[in-house]
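Structural overview for review
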Amino acid sequence: MPGSAENQGFAQFDTPVGVCLIVWTPNGIAALRLPEASPEVARTHIRKSFPDIEEKEPSPEAAAAIAAVQKLLRGEKVDLSTIRLDLTGVPELNRAVYDIARAIPPGETRSYGDIAKQIGGDPLLAQAVGQALGRNPVTIIVPCHRVLAAGGKVGGFSAFGSIHTKRKLLAIESVFKSEPDLFNRL
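Everything in this summary refers to the structure shown in the same document. (Residues numbered from 1 in each chain as written. Predicted model: local features only at pLDDT ≥ 70, side-chain atom pairs only at ≥ 80, totals over all residues. Heavy atoms only, no water.)

As a further point, take the overall build of the protein. When helices and strands are counted, the protein shows six helices and five strands. Of the regular secondary structure in the protein, the N- to C-terminal order runs β-β-β-α-α-α-β-α-α-β-α. When the 186 residues of the protein are sorted by exposure, 42% land in the buried category. Within the protein, contacts between residues separated by at least 24 positions form 54% of all contacts whose residues are at least 6 apart in sequence. Approximately 9,500 Å² of the protein is accessible, and the part contributed by carbon and sulfur atoms is 52%. (Helix = DSSP H or I, 4+ residues; strand = E, 2+ residues; numbered from the N terminus. Buried < 20%, exposed > 50% of the residue type's maximum accessible area, 1.4 Å probe, protein only. Contact = heavy atoms within 4.5 Å. Areas by Shrake-Rupley, 256 points an atom, 1.4 Å probe, with all protein chains shown as cover.)

A few words on the pairing of strand S3 (residues 28-33). Summarising burial for S3: five of the six residues are buried, a large majority. Judged from the five bridges that link them, strand S2 (residues 18-25) and S3 form a sheet pairing that is antiparallel. Paired with Trp 24 across the bridge in S3 is Ile 29. In this antiparallel pair of consecutive strands, S2 and S3, the connection spans two residues. (Pairing = 2+ DSSP bridges.)

Relative to the assigned elements, Arg 146 resides in the loop between helix H5 (126-134) and strand S5 (147-148). Its relative accessible area of 4% is what places Arg 146 among the buried residues. Side-chain polar atoms of Arg 146 contact the backbone oxygen of Ile 104, separated by 2.6 Å. For Arg 146, the residues in contact, after removing those within four places along its chain, are Leu 72, Ile 104, Pro 105, Pro 106, Glu 108, Thr 109, Arg 110, Leu 170 and Glu 173. (Polar contact = N/O pair within 3.5 Å; in protein donor to acceptor, adjacent residues only side chain to side chain.)

Moving on to the sheet that holds strand S1 (residues 9-15). Spatially, the three strands line up as an open sheet ordered S1-S2-S3, and their pairing is antiparallel. Two strands close off the open sheet at either side, each with one partner strand: S1 and S3. With strand direction ignored, the average angle separating the axes of adjacent strands in the sheet is 25°. Strands in contact with helix H1 (residues 39-49) are S1, S2 and S3; relative to S1, the strand with the most contacts, it is inclined by about 145°. (Axes fitted to C-alpha atoms, helices over the stretch in contact; angles between N-to-C directions.)

The next thing to look at is the packing of helix H3 (residues 92-102) against H5. At a minimum axis separation of 9 Å, H3 and H5 run at an interaxial angle of 85°. Considering their axes alone, H3 and H5 lie roughly perpendicular with respect to each other. Residues Leu 93, Asn 94, Val 97, Tyr 98 and Ala 101 of H3 pack against Ala 128, Val 129, Ala 132 and Leu 133 of H5. Looking at the contact of H3 with H5 residue by residue, the class counts come to eight nonpolar, one polar and no charged. (Parallel < 35°, antiparallel > 145°, perpendicular 65-115°, else oblique. Nonpolar A, V, L, I, M, F, W, Y, C, P; charged D, E, K, R; others polar.)

By themselves, these are just geometric observations and shouldn't be taken as functional.
Dropping the structure here:
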């Protein structure tokens, strides 16, 4: 975005689940990544999608989004659906899926099939819904963790930690009881 470098950037921030990373542009929040294996890995992932972006202090809009995400990850019921997103380059089907997912309140879930029915009436779109959510650039703000497989099964999750991370996020929102597994992970 020529001429708008001062209105865009990325920043890392602490949450109860670890260090997250947010990217903002003049058009809104363009990415939010959950904790990665390391801060360097997170920066590498961001630079693949945003090669010219610089790490800096968050804009006021990004700072407000960070504060809301931190509250949500502390277990507060926070509505993130009003956070302005920059989904430049995101396919129309994915945007439709994200709009529906953003309407799922904290502490509630829907299935891939439920969303498929809402966007096209065909439950066979469930796989496309899962693929769209797997490419979600703004995790948490588009709460893909609230979308489950048929029968209430957890389903997949593309963030670092996979379904353990998804279960942890759902436990924070009181969807699942927080019970450690054999390796003391949620």
